[in-house]
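Examination of the molecular architecture
Listed here are the chains, written in short residue letters.
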Amino acid sequence: AQSVAQPEDQVNVAEGNPLTVKCTYSVSGNPYLFWYVQYPNRGLQFLLKYITGDNLVKGSYGFEAEFNKSQTSFHLKKPSALVSDSALYFCAALYQKVTFGTGTKLQVIP
Amino acid sequence: NAGVTQTPKFRVLKTGQSMTLLCAQDMNHEYMYWYRQDPGMGLRLIHYSVGEGTTAKGEVPDGYNVSRLKKQNFLLGLESAAPSQTSVYFCASSYSSAPNYGYTFGSGTRLTVV
């Protein structure tokens, strides 16, 4: 069975500092990988994706993610966090079906 | 704005009552999905549809039924609500089964069953 793990329920980071939200996956094939962001009382919004090619993918709002096949990871990163980045972040893997992680709450502290 | 619209946004039901959640999309997407979101469990797929007139079960289909009579609409029904169905329900759509840009989600329906 395929699975997506987000090992941290919450990540706290000071405004202006770099942030990382971790994601690892267990899928038998070569999945598409996604990051979504969810603001309070809103649906999930697409941030970025990895399908093939360059291991570093850039997305919306200055976010980027690094794909590492040997570690089966797809960590979300941003060089300088903003208070407005505070939200719930979901990693997802698509291989025949979509599997979502359990989400990581990002809190950026002013 | 184009997208996925869910109605209602909030609802409180008594145990045993029935209700229907409506999802409408205006992007001409073939695929539509219903998820439930529970704390610590992420999103779990309830049912999905790969086109008008088709439906299929997801991970947690028990207690729910769906219909896709029109391409743009995907209805989720609860025939006899139970407290375990208290959750936030999200509808999503995509143009294919492997969309390059993921799914488009609605803003959710918060359902409480008392």
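Throughout what follows, the structure given in this document is the object of discussion.

About the criteria used
Residues numbered from 1 in each chain as written. Chains lettered and ligands numbered in written order. Predicted model: local features only at pLDDT ≥ 70, side-chain atom pairs only at ≥ 80, totals over all residues. Heavy atoms only, no water. Contact = heavy atoms within 4.5 Å. Buried area = accessible area lost by both parts, 1.4 Å probe. Salt bridge = Lys/Arg side-chain N within 4 Å of Asp/Glu carboxyl O. Polar contact = N/O pair within 3.5 Å; in protein donor to acceptor, adjacent residues only side chain to side chain. Helix = DSSP H or I, 4+ residues; strand = E, 2+ residues; numbered from the N terminus. Nonpolar A, V, L, I, M, F, W, Y, C, P; charged D, E, K, R; others polar. Buried < 20%, exposed > 50% of the residue type's maximum accessible area, 1.4 Å probe, protein only. Pairing = 2+ DSSP bridges. Disulfide = S-S within 2.5 Å.

**Examining the interface of chain A and chain B**
- Across the boundary between the two partners, chain A contributes 18 residues, which contact 18 residues of chain B.
- Broken down residue by residue, the surface that chain A buries against chain B is led by L44(A), F100(A) and T102(A), which jointly contribute 29%.
- On the surface where chain A and chain B come into contact, there are 0 salt bridges.
- One can count 2 residue pairs in polar contact (both at pLDDT 80 or more) joining chain A with chain B.
- Put simply, the parts of the chain that give the side of chain A that touches chain B at least two residues each are β5 (32-38), β6 (44-50), β10 (87-95) and β11 (97-100) of chain A.
- Sort the elements by how many residues they give to the side of chain A that touches chain B and β5(A) lands first, with 4 residues.
- A per-class count over the side of chain A that touches chain B returns 11 nonpolar, 5 polar and 2 charged.

**Here's the deal with the environment of M19(B)**
- With respect to the helices and strands, the residue M19(B) is situated in strand β3 (residues 19-25).
- A C-alpha to C-alpha distance of 20 Å links M19(B) and G58(B), two positions 39 residues apart in sequence.

**Overview of unusual backbone geometry**
Residue and element names in this part refer to chain B.
- The amide bond that connects T7 to the next residue, P8, takes the cis arrangement and shows omega of -5°.
- Assignment of secondary structure puts P8 in the loop between β1 (4-7) and β2 (10-13).
- You will see that N28, though not glycine, has its phi angle at about 60°, which is positive.
- Using a relative accessible area of 55% as the deciding quantity, one classes N28 as exposed.

**Focus: the pairing of strand β11 (residues 109-113) of chain B**
Residues and elements named next belong to chain B.
- Burial of the side chains of β11 is restricted to one face: T109, L111 and V113 are buried, whereas none of R110 and T112 on the reverse face is.
- Where strand β9 (residues 87-94) and β11 come together, 3 bridges link them in antiparallel fashion. For S87, the partnering residue across the bridge sits in β11 and is L111.

**Structural notes on the pairing of β6(A)**
Residues and elements named next belong to chain A.
- For β5 and β6, the ladder comprises 6 bridges, and the chain directions are antiparallel. If you follow W35 over to β6, its bridge partner there is L48.
- Where β5 folds back onto β6 in an antiparallel hairpin, the turn is made up of 5 residues, including N41, whose phi is positive at roughly 60°.

**Section: the pattern of salt bridges**
- Overall, the coordinates contain 6 salt bridges over all chains when judged by the stated rule.
- The salt bridge partner of E66(A) is K77(A), with a shortest N-O separation of 3.0 Å. Taken together, the residues E66(A) in strand β8 (residues 64-68) and K77(A) in strand β9 (residues 73-78) connect sequence positions 11 residues apart.
- You can call E66(A) partly exposed: its relative accessible area is 37%.
- Two residues, D38(B) and R36(B), come together in a salt bridge whose shortest N-O distance is 2.8 Å.
- Three or more residues joined by partner-sharing salt bridges are found here, namely R36(B), D38(B) and R44(B).

**Here's the deal with the state of the cysteines**
Residues and elements named next belong to chain A.
- One pass over the full model with this rule turns up 2 disulfides over all chains.
- The disulfide partner of C23 is C91, and the S-S distance across this bridge is 2.0 Å. Its S-S torsion of about -65° marks the bond between C23 and C91 as left-handed, since a negative value means left-handed. Of this pair, C23 sits in the loop between β3 (19-21) and β4 (24-26) while C91 is found in strand β10, placing the two residues 68 residues apart along the sequence.

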